[in-house]
Amino acid sequence: MNQTVICPGSFDPVTLGHLDIITRAAKMFDRVVVAVLVNSSKTPTFSTEERMELLRDAVSDLPNVDIVSFEGLLAEYCKNSGIGTIVKGLRAVSDFEYEFQMAIANKKLNPGLETMFLTADADSTFLSSSVVREIGSMGGDISNFVPACVHDRIAARLRK
Ligand code: ADP
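Everything numeric here is computed off the predicted structure, so don't read it as measured data.

Calculation rules
- Residues numbered from 1 in each chain as written.
- Predicted model: local features only at pLDDT ≥ 70, side-chain atom pairs only at ≥ 80, totals over all residues.
- Heavy atoms only, no water.
- Near = heavy atom within 4 Å.
- Polar contact = N/O pair within 3.5 Å; in protein donor to acceptor, adjacent residues only side chain to side chain.
- Areas by Shrake-Rupley, 256 points an atom, 1.4 Å probe, with all protein chains shown as cover.
- 1 Å grid on protein atoms, 1.4 Å probe; cavity = no way out; pocket = protein on both sides within 12 Å on 5 of 7 lines; lining within 4 Å.
- Sits in = over half its atoms within 2 Å of the grid points.
- Helix = DSSP H or I, 4+ residues; strand = E, 2+ residues; numbered from the N terminus.
- Nonpolar A, V, L, I, M, F, W, Y, C, P; charged D, E, K, R; others polar.

Caption draft 1: Geometry of the site of the ligand. Close to the ligand lie 16 residues, the nearest being F11, K88, G89, S124 and L127. In the environment of the ligand, an oxygen atom lies 2.6 Å from a nitrogen or oxygen atom belonging to the backbone of G89. Take S129: an N or O atom from its main chain is 3.1 Å from an oxygen atom of the ligand. For the ligand, whose free accessible area comes to 540 Å², the fraction covered by protein is 86%. Here the ligand occupies the largest pocket. Elements with a contribution of two residues or more to the shell around the ligand: strand 1 (4-9), helix 1 (16-28) and strand 4 (85-90). Looking at the shell around the ligand residue by residue, the classes come out as 5 nonpolar, 8 polar and 3 charged.

Listed below in structure tokens is the structure:
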């Protein structure tokens, strides 16, 4: 079976935690669609184009990963693009409640849609885009938090 999964998120910006989940999903499934959420009610630090560009560079050695953006309901996007599985990373118990709610809500909206969880790598359980933004904006060292190939661009952008 040719199985395509989707890894949705804000990716504002991409972190090593995101890359870990995407890389592992790319080994398990035929194709991984990384979907950047465009939320018109929130102003992200990095524009949609910037977030997609950073992700594209971060996954350039993974031939079965595509970067897209989407606006609106993930369940609708999956229905319209024929994707039946969401893959998410779980960092801590604190992620669980929200993710559990979302998985059930998505299934109600689109009964064919499954959500699978991969446990976060032990080294990145603390890691989020907001941690990167906070440390980076104060000129701190984010080299252990973001993919090396996009580090300089993210660091420079956050110092502005
Ligand atoms: P955040 O802003 O918290 O980093 P995103 O919405 O950009 O969150 O993340 C998208 C998805 O990537 C999350 O729902 C989660 O499944 C996964 N993820 C985020 N950070 C990590 C991490 N450090 N380890 C594993 N998975 C992660």
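Let us keep going from here.
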